Amino acid sequence: MHCSRHNNMSLLWITGLCVTALVVVRISNWWYRWSSPKSNGKLPPGSMGFPIIGETFDFFKPHGFYEISPFLKKKMLRYGPLFRTSILGVNTVISTDMDVNLDILRHENKYFNLSYPDGLVKPLGKESMFLKTGNIHKHIKQICMSLLGSENLKRKMIKDMDSVTYEHLCLKAGQGRFDLREIVSSLITSHLTPKVISDLKPETQSMLMESFKAFSFDWFRTSYILSAGRGLYNTLWACRQGMKLIKEVYTRRITSREKYNDFLETALEELEKEGSSVNEDVIVSLIFTLSGITQDTTSKAICMAVKFISENPKVLEELKKEHEAILANREDKEGGVTWEEFRHKMIFTNMVIHESLRMTNLAPMMFRKVVKDVEIKGYTIPAGWIVMVIPSVVHFDPEIYENPFEFNPWRWEGKELRSGSKTFMVFGAGARQCAGSEYARLQISLFIHHLVTTYDFSLSKDCEVIRVPGALFPNGISMNISKRSR
Ligand code: HEM
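Residues numbered from 1 in each chain as written. Predicted model: local features only at pLDDT ≥ 70, side-chain atom pairs only at ≥ 80, totals over all residues. Heavy atoms only, no water.

Peer 1: When you look at the sheet that holds strand β1 (residues 63–64) in this model, what are you seeing that I'm missing?
Peer 2: Across a sheet, paired strands are connected by hydrogen bonds in the backbone, their directions being either parallel or antiparallel. What the three strands build is an open sheet, ordered β1-β11-β12; its pairing is antiparallel. Of all strands in the sheet, those bounded by a partner on one side alone are β1 and β12 (471–472). With two bridges connecting them, strand β11 (residues 466–467) and β12 associate as antiparallel partners. Bridging across to β12, arginine 467 finds its partner in alanine 471. (Pairing = 2+ DSSP bridges. Helix = DSSP H or I, 4+ residues; strand = E, 2+ residues; numbered from the N terminus.)

Peer 1: How should I be thinking about the side chain of serine 285 in this particular structure?
Peer 2: Assignment of secondary structure puts serine 285 in helix α12 (residues 280–311). When residues no more than four places from it in sequence are discounted, the contact partners of serine 285 are Leu124, Glu127, Ser128 and Met243. (Contact = heavy atoms within 4.5 Å.)

Peer 1: What is the right way to look at the UniProt feature "transmembrane region" (unreviewed entry) in the chain in this model?
Peer 2: What UniProt calls "transmembrane region" (unreviewed entry) maps, in this numbering, to residues 12–32. For residues 12–32, the end-to-end C-alpha separation is 30 Å, with 100% helix and 0% strand making up the annotated structure. (UniProt positions renumbered as here; feature names shortened; annotations may be inferred.)

Peer 1: Even after reading the chapter, I still don't get the pattern of salt bridges, so can you show me in this structure?
Peer 2: Side-chain pairs of opposite charge can arise whenever the charged atoms involved come near each other. For the structure shown, the criterion picks out 30 salt bridges. Between glutamate 280 and lysine 247 there is a salt bridge, and its shortest N-O distance comes to 3.5 Å. In this pair, glutamate 280 sits in helix α12 while lysine 247 sits in helix α10 (residues 225–256), placing the two residues 33 residues apart along the sequence. Taking the shortest distance from any N to any O, the salt bridge between lysine 247 and aspartate 281 comes out at 3.0 Å. Here lysine 247, found in helix α10, pairs with aspartate 281, found in helix α12; they are 34 residues apart in sequence, far enough to count as distant. A relative accessible area of 33% means that lysine 247 is categorised as partly exposed. Among the residues examined, aspartate 281 registers a relative accessible area of 35% and is labelled partly exposed. Overlapping salt bridges, with partners in common, bring together Asp199, Arg253, Lys259, Asp262 and Glu265 in one network. (Salt bridge = Lys/Arg side-chain N within 4 Å of Asp/Glu carboxyl O. Buried < 20%, exposed > 50% of the residue type's maximum accessible area, 1.4 Å probe, protein only.)

Peer 1: Sorry if this is basic, but what is going on with the layout of surface pockets here?
Peer 2: Unfilled space is identified by rolling a water-sized probe across the atoms. Looking at the largest pocket, its volume works out to about 690 Å³. If you trace the largest pocket, you find 26 residues lining it, with Arg181, Ser216, Asp218, Trp219 and Gly231 closest to the centre. At the level of secondary structure, the elements contributing two or more residues to the lining of the largest pocket comprise α8 (180–196), α9 (202–214), α10, α12 and β12. The leading source of residues in the lining of the largest pocket is α10, at five residues. Residue classes in the lining of the largest pocket are distributed as nine nonpolar, nine polar and eight charged. (1 Å grid on protein atoms, 1.4 Å probe; cavity = no way out; pocket = protein on both sides within 12 Å on 5 of 7 lines; lining within 4 Å. Points joined across faces, edges and corners; volume = space filled by probe spheres on them. Nonpolar A, V, L, I, M, F, W, Y, C, P; charged D, E, K, R; others polar.)

What follows is the structure, encoded as structure tokens:
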């Protein structure tokens, strides 16, 4: 009896050991497969972090504004400018190499397709332009440019953009502190909404403006779960409410056949063309996307430009000189900023904007999905992987930009201010290059014009900016303006 108990115990031990060994082997196997993914060639060097979460938390860890992310620095030191990792549960290759960056963005539709995380794109609907590729994408981009291209900005937009910017600043003068981002979002939606859809009842218009203003990618940039959740909820609400309202107007237009002079009309004409590749949902999503993104990106760009200007008195002096000269030479003293002034008389302003965009890196990473196995620098990146292009490392490379963390607009003196080159990629490059870059530059220029010619201004001391890795203002940008005595 004693012997059989002993035997049972041994059996139990052996079984336990076998099970544990099996579990350890399975886990090691899983871990090995996770950290050494398969490829039909050699993968770029790197590490994949923990299963599923990968290195997501390290990648999104907040860091100082005047530094390259410690995560990237560590990885680049160890593996070079091209390395593999896992972010947001996806096998990813990160590129911080300027030639590779440009190569990737130029091979859209051939080896790569734009592919942002679902949380960023899905709220904009199944027919979002961000989910379209090839000729359909090209067609939608053309429609975008009929609103945001130079011709329309010059003919239909600049006048109202200018007067609304002027009026919004006037209203805030001498009124104490206000949130700069909030006021810029308001002024943009005020002048843009009627250009996009002109026949709205006042209450529908203000509801639509509210939904454009509530749209933001910021939730993706915060590492605090609670505020990310709240931000995502607001953005989802904005998308649903905004697209519902646009759809109602769309349906009314189609039934009434009345003609209007706005962007919706242009989009409808495109839809009615024979063999058109766009449908109702594409247009509804597009109108919401353009209006929401315009407000979100440009308001941040203006906050950063104003912050840099307020911290650099010499820059402010030079801007004042340039804009006072524009006012002095203006023939129509009652008229606003002209296209000619914007294009040819704001030379220093343009340098300030360029420098501010270089330092800010509003779009800190661009996501592409590999469509078929692709060779880069002797490595093979398998189809299905994400490549993440990170241009900020190039923007802060001391070999390209001397003292890269110094705000120095003069570094651009005499240089051609081109977007979409391998050393300056704030608006991306290739087929997906930003549709709103000219609009953004115009709106920032108009804001600077009115600010420096009419007001004294100061930002509150706690206007901190961090990177997560996109620029984020945890305390907002609080500002004070008062009319300057002449
Ligand atoms: C300073 C402000 C802005 C910055 C830094 C910026 C940056 C960018 C970047 C980097 C891309 C390329 C994304 C990629 O390739 O993955 C992009 C694309 C895009 N941007 Fe902007 N943007 C700004 C303002 C605007 C504005 C005002 C609009 C107006 C609606 C806009 C609309 C778009 C659109 C529609 C695309 C997608 C183009 C496509 O898929 O072909 N952006 N932007």
